[in-house]
Amino acid sequence: MSENSPRGSWTPEMVEKGGYPHFMLKEIHEQPKVLKNALSLRTEVCHQAAGILNDSAQVYITAAGTSNHAGLAARYMFTKLSAVRAQNIISSEFPQLTGELLDENDVVLAISQSGETADTINAVKHAKRQGVKVVSLTNVIDSTMSKLSDYTIYTYAGPEYGLAATKTFLVQVACLSLLSLELALMRGSLSSKEVNKLRDGLMKTPLIVDMTIKKQDRVVRDIAYRYANKSSFLFLGCGISTATAMEGALKLKETAYLHAEAYPAGESRHGPIALIEPGFPVFIIAPPDENYDKLVKNLKEIKAHKAKIISVVQENDSKVRGLSDHSISIPETETIFSPIPYVIPLQLFAYFVAFKRGYNPDKPRYLVKAITEP
Ligand code: BG6
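Keep in mind the model is a prediction, meaning the values are calculated, not measured.

**Let's talk about the overall build of the chain**
Move 1: Helix and strand counts for the chain come out as 16 helices and 10 strands.
Move 2: Its C-alpha atoms give the chain a radius of gyration of 20 Å, within 12% of the compact-globule value 21 Å for 374 residues.
Move 3: Contacts in the chain between residues far apart in sequence, at least 24 positions, make up 76% of those at least 6 positions apart.
Move 4: Across the chain, the centroid of the 42 positively charged side chains sits 5 Å from that of the 39 negatively charged ones.

Have a look at this one:
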């Protein structure tokens with residue numbers, strides 16, 4: 001362990017944190033275990049929730065912050081796997097954007113780690129007033145959100161003490177993945193053989209996350225220390241990786257107070273590319289899915305302006321790696337579930353940049369774990 005390593009010295013508080021200097025790092029390292037736990041969600045629970053969603057004309061996914069990013073990933077999975085019509089509406093805008101136009105055939109899927117975020121609770125109340133059914137996904141039993149909902153799925157991730165949500169994102173995406181597969185079976189959008197194959201892939205994600213943390217922790221730390229003095233970052237992804245990119249940018253804002261923007265890669269040419277100047281750091285989230293070639297095209301455009309490219313790629317990748325200044329490798333995974341392992345380096349990056357800049361990532365300024373006041 002080097003001197004400037006966040007794991008270089010022990011204090012009594014660290015014992016409480018299981019030997020880690022911060023809860024954020026502890027919770028990042030706990031993820032293989034909590035993910036495995038989340039994936040043991042009872043089929044009956046998924047089946048009940050899927051039944052409510054399946055009966056709807058339109059699913060509205062509403063949430064705030066990290067939970068909203070898990071909701072974005074869910075929409076991609078609902079579209080691609082389950083043939084479910086869904087749209088995301090950030091909870092603080094939900095009443096404004098839906099007005100009185102909700103229908104009792106619609107269903108709201110509300111996501112909140114705490115189950116107490118005022119914006120999400122307001123969105124749920126707004127929906128309930130119009131006779132809309134609500135399925136919620138939360139970590140807290142008997143939370144306000146679960147009490148207001150027609151049906152609740154619990155993530156059972158244990159308390160999250162770090163302010164910046166880490167394990168929350170993984171367990172939410174895991175439960176939403178299971179829900180998508182259950183919906184796919186129910187609606188016949190995938191055969192049971194296809195669902196079983198995907199489910200097998202999903203069940204391997206705890207191991208993949210574990211391997212990623214163990215193998216890439218040092219790699220990510222070195223990259224983070226190198227870029228910790230930069231003031232602005234861009235995160236690009238395509239399809240479901242847009243959700244991963246958004247979560248990576250949010251982590252960096254929350255913990256390191258750095259300007260970080262996330263965009264769907266295709267949108268980068270419609271404005272954000274003007275930000276690029278030599279040395280500007282750009283994260284590219286590039287699992288080998290159906291969007292890969294499109295992403296490579298956008299990456300080349302960014303690279304032409306001499307950006308510094310930090311990519312998150314599959315282990316055997318050569319194309320994106322060849323265009324990158326730094327690459328972080330992820331073992332092969334079912335690409336539709338890529339947000340689960342691909343977000344890990346982004347969480348670690350935010351943590352190590354915050355540490356290097358001298359901030360406490362567990363207690364970022366101005367932020368609280370759940371904003372309960374309207
Ligand atoms: C914000 C926190 O206030 O609430 C975020 O700063 C969090 O980290 C967001 O993701 C949503 O919280 P919850 O509990 O509704 O998932």
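From this point on, the discussion continues.
**Topic: the domain arrangement of the chain**
Move 1: If you check the domain split of the chain, you get domain 1 (34-203) and domain 2 (216-356).
Move 2: Distance from the C-alpha centre of domain 1 to the C-alpha centre of domain 2: 26 Å.
Move 3: Contacts between domain 1 and domain 2 engage 23 residues on the former and 19 residues on the latter.
Move 4: For the pair domain 1 and domain 2, the interface holds 2 salt bridges.
Move 5: Of the charged contacts, one joins Lys197 and Glu334 as a salt bridge, the two residues approaching to 3.0 Å between their closest N and O atoms.
Move 6: Elements supplying a minimum of two residues to the side of domain 1 that touches domain 2: helix 5 (65-82), helix 9 (167-187) and helix 10 (192-203).

**Some words on the state of the cysteines**
Move 1: Scanning the model with the defined rule gives 0 disulfides in all.
Move 2: In this structure Cys46 is not part of a disulfide, and its nearest cysteine sulfur, from Cys175, lies 7.3 Å away.

**Quick word on the nonpolar core**
Across soluble globular proteins, nonpolar side chains show a tendency to be buried alongside one another.
Move 1: Ranked by size, the top nonpolar core spans 90 residues in total, and within it Leu252 and Phe349 carry the most contacts.
Move 2: Each residue touching Leu252, except ones within four places of it in the same chain, is listed here: Phe233, Phe235, Tyr257, Leu258, Ala260, Phe349, Ala350 and Val353.
Move 3: Counting 20 residues, the second-largest nonpolar core is a separate cluster that includes Phe280, Val282, Ala286 and Ile302.

**Topic: helix 9**
Move 1: With 21 residues, helix 9 ought to run about 30 Å at 1.5 Å a step, and its terminal C-alpha atoms sit 30 Å apart, in line with that.
Move 2: Of all 21 residues making up helix 9, 18 are buried, and the element is well covered by its neighbours.
Move 3: The first or second residue beyond helix 9 is Gly188, which carries a positive phi of 70°.

**What about unusual backbone geometry?**
Move 1: Notably, Ala83 is not glycine yet its phi reads approximately 50°, a positive angle.
Move 2: By relative accessible area, which is 46% here, Ala83 ends up partly exposed.
Move 3: With phi around 55°, Tyr257 is a residue other than glycine that occupies positive phi space.
Move 4: Mapped onto the elements, Tyr257 comes out in the loop between helix 12 (241-256) and strand 7 (259-264).

**Let's talk about the sheet that holds strand 10 (residues 326-330)**
Move 1: Pairing is parallel across the open sheet formed by 5 strands, whose spatial order is 7-6-8-9-10. Unpaired on one side and paired on the other, strand 7 and strand 10 mark the two borders of the sheet. Strand-to-strand twist of the sheet, defined as the mean angle between neighbouring strand axes without regard to direction, takes the value 15°.
Move 2: Where strand 6 (residues 232-237) meets strand 7, 6 bridges bridge the pair, whose relative direction is parallel.

**A look at the environment of Leu275**
Move 1: Following the sequence through the fold, Leu275 ends up in the loop between strand 7 and strand 8 (281-286).
Move 2: On the basis of relative accessibility, which here comes to 36%, the residue Leu275 falls in the partly exposed class.
Move 3: Dropping the residues within four chain positions of it, Leu275 is found in contact with Glu261 and Phe280.

**Section: the packing of aromatic side chains**
Move 1: One pass over the full model with this rule turns up 9 aromatic pairs.
Move 2: Note on Phe233 and Phe349: the rings are 5.6 Å apart at their centroids and 70° apart in plane angle, and the pair reads as edge-to-face. Of this pair, Phe233 sits in strand 6 while Phe349 sits in helix 16 (residues 344-356), and the two are 116 residues apart along the sequence.
Move 3: Since its relative accessible area comes to 2%, Phe349 is described here as buried.

**Quick word on the site of the ligand**
Move 1: Taken together, 13 residues lie near the ligand, and Ser67, Ser112, Gln113, Ser114 and Thr117 sit nearest.
Move 2: Here Ser114 contributes a side-chain N or O atom positioned 2.7 Å from an oxygen atom of the ligand.
Move 3: Separating an oxygen atom of the ligand from a side-chain N or O atom of Glu254 is a distance of 3.0 Å.
Move 4: The protein chains hide 92% of the 390 Å² of surface that the ligand would expose on its own.

**Observations concerning the pattern of salt bridges**
Move 1: Tallied over the full model, the rule gives 14 salt bridges.
Move 2: Here Glu30 and Lys26 are joined by a salt bridge, their closest N and O atoms 2.8 Å apart.
Move 3: Between Asp222 and Arg221 there is a salt bridge, with its nearest N and O atoms 3.6 Å apart.
Move 4: On the basis of relative accessibility, which here comes to 10%, the residue Arg221 falls in the buried class.
Move 5: Linked through salt bridges whose partners overlap, the residues forming this network are Lys26, Glu30 and Lys167.

What counts and what doesn't
- Residues numbered from 1 in each chain as written.
- Predicted model: local features only at pLDDT ≥ 70, side-chain atom pairs only at ≥ 80, totals over all residues.
- Heavy atoms only, no water.
- Helix = DSSP H or I, 4+ residues; strand = E, 2+ residues; numbered from the N terminus.
- Rg over C-alpha atoms; globule rule 2.2 N^0.38 Å.
- Contact = heavy atoms within 4.5 Å.
- Lys, Arg positive; Asp, Glu negative; His and termini not counted.
- Charge placed at Lys NZ, Arg CZ, Asp CG, Glu CD.
- Domains from an automatic or database assignment.
- Salt bridge = Lys/Arg side-chain N within 4 Å of Asp/Glu carboxyl O.
- Disulfide = S-S within 2.5 Å.
- Core = buried A, V, L, I, M, F, W, Y, C linked by side-chain atoms within 4.5 Å.
- Buried < 20%, exposed > 50% of the residue type's maximum accessible area, 1.4 Å probe, protein only.
- Expected span 1.5 Å × (residues − 1).
- Pairing = 2+ DSSP bridges.
- Axes fitted to C-alpha atoms, helices over the stretch in contact; angles between N-to-C directions.
- Phe/Tyr/Trp six-rings, centres within 6.5 Å; stacked < 30°, edge-to-face > 60°.
- Near = heavy atom within 4 Å.
- Polar contact = N/O pair within 3.5 Å; in protein donor to acceptor, adjacent residues only side chain to side chain.
- Areas by Shrake-Rupley, 256 points an atom, 1.4 Å probe, with all protein chains shown as cover.

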